[in-house]
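Listed below are the residues making up each chain.
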Amino acid sequence: MKPTILFLAIMSSAVVSAQTTVDFNREAYIMAAGSNTLAVDSLSLASGLEELKSSNNLQDPEIELGYLWGEKPAGNKWNVSVSQGFDWPGAYSARAKGIKAAQEVIGLTRRAGMLSRMLEVKLAMIDVVYSGKNMMLTRQMTDSIAAMCAVARKAVENGEITRLDMNMMEIVRIGMEEELRTAVADFDDKVAALTILNNGHDCSALIERLTDYPDEMILPLEAYHRQIIENDPSIQAGRMQVNVDEKMGKAQQMMSYPGFSIGYAFDNEGDERWHGVTFGLTLPIFSNRHMKAKSRLTAMQSRLKAETALNEAKVMMDNDRRKALDLYGNYTKYDKVINGDDNIALLRKAYRGGQMTCIEYLTEVKFFLEARRTFLQTEYLYHLALARLNRYSMTF
């Protein structure tokens with residue numbers, strides 16, 4: 001069965017079994033954990049770490065061979081030497097500390113990517129719920145208008161209503177059928193988007209259970225600020241990057257100290273042989289110029305970026321919470337009016353009882369349909385905002 005048909009079969013039930021309740025956070029984790037996109041990002045981070053580790057390798061050994069042809073009566077001679085160069089000893093340990101800190105940054109970056117993907121999946125599931133609700137509403141209205149048209153045809157035959165009234169109902173019915181096709185296509189698009197997030201694997205079993213939104217609530221502002229500091233991996237990664245830059249800056253500073261090389265040399269000239277050790281110094285007078293200042297500026301830049309990211313996250317969280325509260329207020333107002341009584345059934349009863357004309361009936365039906373859609377959209381936007389607010393509660 002197509003996802004659309006499956007969903008309609010579930011949604012048409014008056015009572016949804018408790019077994020169909022979806023743990024949105026758990027489903028988001030399962031889907032995100034198997035994401036090929038995250039796997040690619042993780043491999044890229046691992047590659048970057050290996051490249052960083054390679055910066056702390058020893059220099060490659062150098063082997064030199066020489067052969068000189070002497071002019072008669074001098075003979076030929078040859079020599080060979082092997083040497084190994086070293087940075088200042090403290091530079092290796094300093095870089096190792098920086099690399100260890102960088103590993104923590106990469107781990108936090110992975111967590112940030114996982115959290116972002118989980119939120120993306122959760123929002124996609126909420127999209128499916130909203131699209132399904134809108135599709136179900138449109139189907140109910142289409143069926144209701146179709147039923148009224150059937151009654152109206154008999155009324156025309158009995159001379160109870162005019163052909164003009166009948167034509168108006170038919171026009172509305174055709175329009176509702178077109179709206180239903182659009183709603184079904186939108187639902188299929190939302191299912192496709194969720195399927196893409198699932199690496200293209202079929203997720204019909206999950207779609208069947210996505211009949212309502214997750215049960216969440218708006219927390220106090222202080223709780224969200226605390227969650228940003230304690231649970232936002234990207235914020236933590238930015239702060240840890242400052243530590244990485246400072247440690248790498250110390251390693252770079254030690255590159256201003258002399259490097260050295262130790263080697264072994266052997267010379268052969270006729271019947272004479274020489275061999276011994278060599279020692280060399282590298283004086284970084286020119287190559288390391290301005291590098292200390294660069295390291296200091298890089299650390300300052302990372303610190304400012306971390307502070308800016310934290311401040312921006314708090315401001316955005318404050319704004320999102322205000323929007324969520326406004327949406328919740330509108331949502332509850334609509335809920336009391338729209339879900340209190342079956343307005344369409346009341347209208348149908350009034351029309352059949354002759355208390356309103358065909359035009360009045362169709363006008364009122366359209367009014368309540370649009371009101372219901374506005375309610376569904378407000379409910380949808382509220383739960384989107386709520387999912388973003390509570391993203392740090394998606395533990396993994």
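Note that the structure is predicted; figures quoted are calculated from it, not measured. (Residues numbered from 1 in each chain as written. Predicted model: local features only at pLDDT ≥ 70, side-chain atom pairs only at ≥ 80, totals over all residues. Heavy atoms only, no water.)

A. Broad picture of the overall build of the protein chain. Within the protein chain, the secondary structure is distributed over eleven helices and four strands. Against the compact-globule benchmark of 21 Å for 396 residues, the protein chain has a radius of gyration of 36 Å, which places it well outside the compact range. Principal-axis analysis of the C-alpha atoms places the extent of the protein chain at approximately 135 × 50 × 35 Å. Partitioning the contacts of the protein chain with sequence separation of at least 6, the portion at a separation of at least 24 is 80%. Positive and negative side-chain charges in the protein chain, numbering 46 and 50 respectively, have mean positions lying 4 Å apart. (Helix = DSSP H or I, 4+ residues; strand = E, 2+ residues; numbered from the N terminus. Rg over C-alpha atoms; globule rule 2.2 N^0.38 Å. Contact = heavy atoms within 4.5 Å. Lys, Arg positive; Asp, Glu negative; His and termini not counted. Charge placed at Lys NZ, Arg CZ, Asp CG, Glu CD.)

B. Representation of the layout of surface pockets in the model. Each pocket or cavity is described by its volume, and for the second largest pocket that value is around 280 Å³. Lining the second largest pocket we find 16 residues, and of these Asp245, Met248, Gly249, Gln252 and Ser295 sit closest to its centre. Counting only elements with at least two residues in the lining of the second largest pocket, the list comes to helix 4 (89-157), helix 8 (233-254) and helix 9 (291-338). Counting residues per element, the lining of the second largest pocket draws most heavily on helix 8, at seven residues. Of the residues that constitute the lining of the second largest pocket, the class distribution is eight nonpolar, five polar and three charged. (1 Å grid on protein atoms, 1.4 Å probe; cavity = no way out; pocket = protein on both sides within 12 Å on 5 of 7 lines; lining within 4 Å. Points joined across faces, edges and corners; volume = space filled by probe spheres on them. Nonpolar A, V, L, I, M, F, W, Y, C, P; charged D, E, K, R; others polar.)

C. Layout of the sheet that holds strand 2 (residues 77-86). Taken together, the four strands give an open sheet; going across it, the order is 1-2-3-4, and neighbouring strands pair in antiparallel fashion. In the strand order of this sheet, the two ends are held by strand 1 (62-68) and strand 4 (272-282), each with one partner. Across the sheet, the mean angle from the axis of one strand to that of its neighbour is 15°, orientation sign disregarded. Relative to strand 2, strand 1 runs antiparallel, the two sharing seven bridges. Following the sheet pairing, Glu64 is matched in strand 2 by Ser81. (Pairing = 2+ DSSP bridges. Axes fitted to C-alpha atoms, helices over the stretch in contact; angles between N-to-C directions.)

D. View of the nonpolar core. Grouped together as the largest cluster of nonpolar side chains are 77 residues, with contacts concentrated most on Met169, Leu194, Leu210 and Tyr361. Listed by contribution, the elements that provide at least two residues to this core are helix 2 (24-33), helix 4, helix 5 (163-197), helix 6 (204-209), helix 7 (221-231), helix 9, helix 10 (343-352) and helix 11 (358-389). The biggest single contributor to this core is helix 4, with 21 residues. The contacts of Tyr361, once residues within four sequence positions are left out, are Ser144, Met148, Met169, Leu347, Arg348, Tyr351 and Met356. In this structure, Val105, Ala237, Met240 and Val244 belong to the second largest nonpolar core, which totals eleven residues. (Core = buried A, V, L, I, M, F, W, Y, C linked by side-chain atoms within 4.5 Å. Buried < 20%, exposed > 50% of the residue type's maximum accessible area, 1.4 Å probe, protein only.)

E. Spotlight on empty space enclosed by the protein. Here the structure, examined in full by the defined rule, presents one cavity of 30 Å³ or more. Reported here for the largest cavity is a volume of approximately 30 Å³. Forming the boundary of the largest cavity are Met141, Ile145, Val172, Met176, Leu362, Val365 and Lys366. For the lining of the largest cavity, the secondary-structure elements that each account for two or more residues are helix 4, helix 5 and helix 11. With three residues, helix 11 is the single largest residue contributor to the lining of the largest cavity. In terms of residue class, the lining of the largest cavity is built from six nonpolar, no polar and one charged.

F. Examining unusual backbone geometry more closely. Positioned with a positive phi, Asn199 is a non-glycine residue whose angle comes to about 60°. Its location among the elements puts Asn199 in the loop between helix 5 and helix 6.

G. Quick peek at the packing of aromatic side chains. Applying the stated criterion to the full structure yields ten aromatic pairs. Relative to Phe279, the ring of Phe260 lies with its centre 6.2 Å away and its plane at 20°, an arrangement referred to as stacked. With a gap of 19 residues between them, Phe260 in strand 3 (residues 259-269) and Phe279 in strand 4 connect regions that are remote in the sequence. Residue Phe260 is classed as partly exposed on the basis of its relative accessible area, which comes to 22%. Plain terms: the ring middles of Phe367 and Phe368 are 5.3 Å apart, the flat faces sit at 80° to each other, and that makes the pair edge-to-face. The exposure class assigned to Phe368 is partly exposed, which follows from its relative accessible area of 23%. Site record: aromatic cluster; members linked through ring pairs are Tyr328, Tyr331, Phe375 and Tyr382. Above the ring of Tyr92, the side-chain terminus of Arg95 is found at 5.2 Å from the ring centroid. (Phe/Tyr/Trp six-rings, centres within 6.5 Å; stacked < 30°, edge-to-face > 60°. Lys NZ or Arg CZ within 6 Å of the ring centre and 35° of its normal.)

Geometric values such as these leave the question of function open.
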